[in-house]
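# A look at the structure
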Amino acid sequence: MKEIMVRAIYCEMLGYEASFSYIHAIKLAQQGSVLEKRVGYLAVSLFLHESHDLLLLLVNTVLKDLQSTNLIEVCMALTVVSQIFPKDMIPAVLPLVEDKLTHSKEIIRRKAVLALYKFYLIAPNQVQHIHDKFRKALCDKDPGVMTASLHIYLKLIKESPESYKDLTDSFVTILKQVVGGKLPVDFNYHSVPAPWLQMQLLRILALLGKEDQRTSEMMYEVLDESLRRAEINHNITYAILYECLKTIYTIHPKSELLEKAAKCIGKFVLSPKINLKYLGLKALTYVVQQDPNLALQHQMTIIECLDHSDPIIKRETLELLYRITNGQNVSVIVEKMLDFLRLSKDEYTTIDLVGKVAELAEKYPFPYNSWFIQTMNAIFSIGGDVMQPDIPNNFLRLLAEGFDSDEEDRQLRLLAVDSYLSLLECDTSGLPQRFLQVISWVLGEFSFLKEGLEPADVVERLGKLLDDDAITTETRCWVLAAMSKLCGSSDALCKAEKVAHKYTSCLDTALRQQAVELELLGRDVDLRTRVLPQHGFCVWLQVDSSLSFLDGFVSDALARGAAPYKPPHQRQEELSQEKILNFEPYGLSLPVSLSACSLTDRQSPTALSLSSSLSNLLKLEGVKRVWGKQGYLPEKQATEEALAQEPSSIFAPSHQQACSESQQTTFSTIVEQDQEKRQLASSLFVGLGSQNLGKPEASSSQRFRRKVRPEDPSDVNRSLAVSSSFSHSSSALDVLLDNAIPDPTNLSDSTSEAVPAVGNTEVVEASEVSSLSGGSGPLAQPSSQVERGLESDLPSRLPATLVGLLRSDVEELCSGESLSLSACKVFDADALVLAIFLSNISDSSIQEVSCLISSEQLKVPEMCSTFSVLSFYLNVVVSLYRLVMEAPGTQAIVRGSVSCASQATQSFSLTLSLVDFIRPLPLTTEEYGKMWLSFSHDVKQNLMLLKHEEEDQLEAALTALKEKLCLHIVDVIGAEGIMACQLVSGRPCLLHCHTHGGMLAIWLRSPIADLPDCLLYHCQKAIQER
């Protein structure tokens, strides 16, 4: 039976009804072994719902199991009670569940508390008498039981906070113990003690301390401790901080706590991580009504969030602006909301924001009537038919009821008429149905206000709407109703009757009724005057809400056996109880080609072999990747492509003139954008305070922006050149790197010019310099001291521009009968220069020597260096290639070939390490701190340190990293050290090292996604080899 029941559960999961097995599930729960009872209880909890008839057969079984001495049986009974028992069966099991609150086993007590919580949710009056036992559960020695009781108290305190003020001290004590790490380690999550318990307690304290100074004073200490301890960079600590911030701003304020909370919100808002920025905006939205000045401190950041690439950030920013709207900034905020709605495709966002815009437009005094009409027209156009129906209804009621001033009412209605007449002159096929209904009603009611406008012209324009096949029946009824009000002249009546005659035989009842009424009202002038007076919108109607005039009809219908009326909520409740699960089988999702397939009676849909037809249904070729780890990608990819098209050697002297011109243009653009943002801030945040309106945030808020007027123009040119090479598109990062990254030419002792480039590529620049031994003549004789295979003399053949730079030893690549190839790596500031030496080792001249290199990792273009002649023994030429690693990797392989007329083609390969492309990045500690907060990609690792006597482990580790990886040591503070480097050219990476217990905890951060992981690999090697 157990196996059969498992199969029945599987059938129900697939959507097939297995009601024949319900009674067997109850029988299996009533008898058999413990394992069979578990399967039976599981099946019952999945098959039955609270109003199922078979549930009565389970009551005695549950009562028996609740009194059992077997813990498993008691647990199963308590689980079923809390899942499917209705409120009518609560009295039967409530005494036994109460007794389980004093059970010796903590799992029984916890399940009993959860069962009572379910009872309280569905029948609160039946558990009122056991509130004292809830208090005992709160003080239970087991943390799990105590945690379960918090669910009940959160619900109780929400309903009546005053009744539980005396428990504040208990909740504060529990939170202190949790924050202090007094709970067992099993409750920790990522080294954070019981985070969900902390959040539950913070919500309860917020309810208890609201508008109560004495109660709030009991919480200040533990809230301060929670803020201090929840500073680990992990998502769960951010959630705790968010709840802590809400609690601090909900209870009676304390200045010290508010300052700390404001700093936390500032860190969130200024964070480059999208999740943290969203959390900061959400927290700011929550607290801004209590402390508007907090929004003023971050006004420029809020302005930048309006242009963020992530739509969720934009939407939360608009929610924040909605909360700070007043009569002075309403027009600017409404404009920003409408701009966002025009680009949004999300239906939920449209419904939400359209309602907010309509509320703002109606709530605050209109700057001028035309603004209100234009705003409402935009709402109707954007919101379409998905907006809430009360929005157009409220607008029409506002036009009908008017204001205190009759002249103002007349002007507003006349503006609406002019606006809608102009809309009808254009193409109306794209207007939503509700907007057309509003236009019809307004023109039918108020078109008489416009002087010189004939009713016949309005009827003619409305009649054109009916010619559109996309118009719904409901909208046609609105148009006909408007025509009925415009039949004051013979011409208008003639045109209206002509239109209505087409619908008198319509199959739709409502449309046919409206057409017949129009014809009757057109014939009887007196009836039309009484039913549809010209100023009927101003008449207050007496409405009989009880519908007493239908009493006779209702009594007669009940006497004939009709069902009594049921309110909507009662009907909805009966419908919801009628069927909980969908017992209908799911339809087969078969392609059209299989629609004619026939299935035998006993054939299962899963037995069909559809692999041949369905294997190619899902095609991902050509599908654009839109989302990634960093959020919305299209804008970022466009920025990276634009940057990739620029020459990678941004420090070459040959490009200085062009760079300076582009920098001046970029600088002027930055100034203009900054001025626009300030003007927008002064418009959005006006009315919130008397200070800092339209001004940038203080420097203490760690706001990173480009300087408007730097002291030294050369510094500007240099910083702009550096920042243009970064692939990170964040404005905060750009400005930070402008001020933080020094001139890479300072990395070497030589100030020589860069090697001239040959070709024009995006990633790798290659250059060729040919030099003959023995001077500048065309074919100089080799020195007599040079012998075959002597590599020590080869570096002297490098051009003068590379002589002062650091280089590696010469490495032989390959050797043949006539040619020998060697290579040397020269570490330039902005590239790795690969010098390939081609030596003639034969006794004769070599004609047409060519060298070709390529690399998949470096994306080296297939450029060929060709030399016309290599004559005499040991004649050497040098081919130089400037290499830049675009995508970080632990290593890159360069492959090449060399050919000449006298021998076959020779192939060679050379492995380059990431370390070859790493350069030190000199920074101050302050610059390091700013950059650390701006980078979003990080990786952490603990490395084992080898113990040496009389050695400072941190100093030894930092020295090893500096020497082997070319890192710059920024500062050493106690047992912590910070280092910085950059991947040529100009892509930084920061390191934070901390020693503890023979381990080195290393933390790397960078704006480049893969750079921390790749560099960590080489850090491990450096520590192991030291």
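Note on numbering: residues in each chain are counted from 1, in written sequence order. Residues qualify for local features only when their pLDDT is at least 70, as the model is predicted, and side-chain atom pairs are given and counted only at 80 or more; totals for whole chains, interfaces and linings, by contrast, use all residues. The side-chain numbers reported here are obtained from all heavy atoms of the structure, hydrogens and water having been left aside.

## Details of the overall build of the protein
Rules: Secondary structure counts use DSSP, requiring at least four H or I residues in a row for a helix and at least two E residues in a row for a strand, with both numbered from the N terminus. Here the term buried applies to any residue with accessible area under 20% of the maximum for its type, exposed to any over 50%, and partly exposed to those in between, with areas from a 1.4 Å probe on protein chains only. Should any heavy atoms of two residues lie within 4.5 Å, those residues are counted as being in contact. To be clear on the numbers: accessible area is Shrake-Rupley with a 1.4 Å probe, and residue cover counts the displayed protein chains and nothing else.
Within the protein one finds 40 helices and 19 strands. Residues classed as buried in the protein amount to 46% of the 1026 residues present. In the protein, the proportion of contacts linking residues at least 24 apart, taken out of those at least 6 apart, comes to 66%. Total accessible area on the protein is roughly 53000 Å²; 51% of this is exposed by carbon and sulfur atoms.

## Remarks on the packing of helix α23 (residues 390–401) against helix α25 (residues 433–446)
The condition is simple: All axes here are fitted lines through C-alpha atoms, helices being fitted over the stretch that makes contact, and every angle between N-to-C directions spans 0 to 180 degrees. We call two directions roughly parallel when the angle between them is under 35 degrees, roughly antiparallel when it is over 145, roughly perpendicular when it lies between 65 and 115, and oblique otherwise. Each helix crossing is assigned a hand: it is left-handed if the near helix lies turned anticlockwise from the far helix by less than a right angle, otherwise right-handed if that turn is clockwise.
In contact at an axis separation of 11 Å, α23 and α25 are set at 15 degrees when each is read in the N-to-C sense. Between α23 and α25, the angle falls in the class roughly parallel. For α23 against α25, the interelement crossing comes out right-handed. Contacts from Pro392, Phe395, Leu396, Leu399 and Ala400 of α23 reach α25 at Arg434, Val438, Trp441, Val442 and Phe446.

## Looking at the pattern of salt bridges
Condition: Salt-bridge detection follows one rule: a side-chain nitrogen of Lys or Arg within 4 Å of a carboxyl oxygen of Asp or Glu.
Across all of its chains, the model carries 28 salt bridges by this definition. Asp346 serves as the salt-bridge partner of Arg315, at 3.9 Å between the closest nitrogen and oxygen. Of this pair, Arg315 sits in helix α19 (residues 311–323) while Asp346 sits in the loop between α20 (330–343) and α21 (347–363), and the two are 31 residues apart along the sequence. The partly exposed category is assigned to Arg315, whose relative accessible area is 25%. By relative accessible area, which is 37% here, Asp346 ends up partly exposed. Here Asp830 makes a salt bridge to Arg882, at a shortest N to O gap of 2.8 Å. One end of the pair, Asp830, is in the loop between β7 (819–827) and β8 (832–840); the other, Arg882, is in strand β11 (residues 876–883), with 52 residues separating them in the sequence.

## Things to note about helix α11 (residues 195–209)
Note the cut-off: The length a helix should cover is 1.5 Å for every residue beyond the first.
With 15 residues, α11 extends 21 Å between its outermost C-alpha atoms, agreeing within 8% with the 21 Å of an ideal straight helix rising 1.5 Å per residue. Counting buried residues along α11, 12 of its 15 residues qualify, which places the element largely inside the surrounding structure. Every buried residue of α11 is listed here: Pro195, Leu197, Gln198, Met199, Gln200, Leu201, Leu202, Ile204, Leu205, Ala206, Leu208 and Gly209. Directly after α11, the chain includes Glu211, whose backbone phi takes a positive value near 60 degrees.

## With respect to the environment of Val442
Tracing the chain through its elements places Val442 in helix α25. Between the C-alpha atom of Val442 and that of Ala400, which follows or precedes it by 42 residues, the distance is 9.3 Å. Those residues in contact with Val442 that lie beyond four places of it in its chain are Leu396, Leu399, Ala416, Val417, Tyr420 and Ser447.

## Focus: unusual backbone geometry
One non-glycine residue, Ala194, lies in positive phi territory at about 40 degrees. Mapped onto the elements of the fold, Ala194 is located in the loop between β2 (192–193) and α11. Phi angles above zero are rare outside glycine, and Glu211 is one such case at about 60 degrees. For Glu211, the location among the structural elements is in the loop between α11 and α12 (213–217).

## Points about the pairing of β7
Using the following cut-off: What makes two strands pair is DSSP finding at least two bridges between them.
In terms of residue burial, β7 counts as a mostly covered element, since 8 of its 9 residues are buried. Where strand β6 (residues 811–815) lies against β7, 4 bridges are found, and the strand directions are antiparallel. Residue pairing across strands places Glu811 opposite Ala823, the latter belonging to β7. The loop that links β7 with its antiparallel partner β8 comprises 4 residues.

## Examining the pairing of strand β12 (residues 891–900)
Of the two faces of β12, the one lined by Ala892, Val894, Gly896, Val898 and Cys900 is fully buried and the one lined by Gln891, Ile893, Arg895, Ser897 and Ser899 carries no buried residue. Alignment of β12 against strand β13 (residues 903–913), held across 9 bridges, turns out to be antiparallel. Directly across from Val894, in β13, lies its bridge partner Leu910.

## A look at the environment of Phe448
Its place among the elements puts Phe448 in the loop between α25 and α26 (455–465). Exposure remark for Phe448: the relative accessible area of 29% places this residue in the partly exposed category. When the C-alpha positions of Phe448 and Leu414 are compared, they lie 9.2 Å apart, and in sequence the two are 34 residues distant.

## Overview of a nonpolar patch on the surface
Short version of the rule: In this analysis, a patch consists of residues with relative accessible area above 30% that form no salt bridge, clustered at 9 Å for like charges and at 5 Å for the nonpolar side chains Val, Leu, Ile, Met, Phe, Trp and Tyr.
A cluster of nonpolar residues, Leu547, Phe549, Leu550, Phe553, Val554 and Leu558, forms a patch on the protein surface that exposes about 590 Å² of accessible area. Note that Phe549 resides in the loop between α30 (525–531) and α31 (551–559). Given a relative accessible area of 60%, Phe549 falls into the exposed group.

## Re the packing of helix α9 (residues 143–159) against α11
As a reminder, the rule being used: Each residue is assigned to one class: nonpolar for Ala, Val, Leu, Ile, Met, Phe, Trp, Tyr, Cys and Pro, charged for Asp, Glu, Lys and Arg, and polar for all the others, Gly among them.
Direction vectors running N to C along α9 and α11 enclose 25 degrees, while the axes themselves pass 10 Å from each other. Put simply, α9 runs roughly parallel to α11. α9 and α11 meet at a crossing whose hand is left-handed. Where α9 approaches α11, its residues Met146, Thr147, Leu150, His151, Leu154, Ile157 and Lys158 are matched on the opposing element by Leu197, Gln200, Leu201, Arg203, Ile204, Leu207 and Leu208. Each residue belonging to the contact of α9 with α11 can be placed in one class, and the counts come to 9 nonpolar, 3 polar and 2 charged.

## Some words on the confidence of the model for the protein
Short version of the rule: Within a predicted model, pLDDT stands for the predictor's per-residue confidence, ranging from 0 to 100.
Of all residues in the protein, 75% attain a pLDDT of 70 or more, and the chain-wide mean is 76. Within the protein, no element has a lower average pLDDT than helix α36 (residues 713–723), which sits at 34, and none a higher one than α11, at 93. Counted against residues more than four places away or in other chains, residues 579–583, with its pLDDT under 50, gives 10 contacts. The model gives residues 587–620 a pLDDT under 50, and that stretch makes 11 contacts with residues more than four places away or in other chains.

## Structural notes on the packing of aromatic side chains
The line we're drawing: Pairing of aromatic side chains here covers Phe, Tyr and the six-membered ring of Trp, requires ring centres within 6.5 Å, and sorts the geometry by plane angle: under 30 degrees stacked, over 60 edge-to-face, intermediate tilted.
Evaluated as defined, the whole model comprises 12 aromatic pairs. Ring plane angle 85 degrees and centroid distance 5.9 Å describe the contact between Tyr238 and Phe268, whose orientation is recorded as edge-to-face. In this pair, Tyr238 sits in helix α14 (residues 235–250) while Phe268 sits in helix α15 (residues 255–270), placing the two residues 30 residues apart along the sequence. Residue Tyr238 is classed as buried on the basis of its relative accessible area, which comes to 10%. Here Phe268 falls in the buried class, since its relative accessible area comes to 4%. Judged by centre distance (5.4 Å) and plane angle (70 degrees), the ring pair of Phe380 and Phe395 falls under edge-to-face. Here Phe395 lies in helix α23 and Phe380 lies in helix α22 (residues 369–383), a separation of 15 residues in the sequence.

## Some points on the state of the cysteines
A disulfide bridge is the covalent bond that connects two cysteines by way of their sulfur atoms. Operational definition: Defined by distance alone, a disulfide is two cysteine sulfur atoms within 2.5 Å.
By the definition in use, this model includes 0 disulfides. The thiol of Cys981 is unpaired, and the distance to the nearest cysteine sulfur, on Cys989, comes to 4.8 Å.

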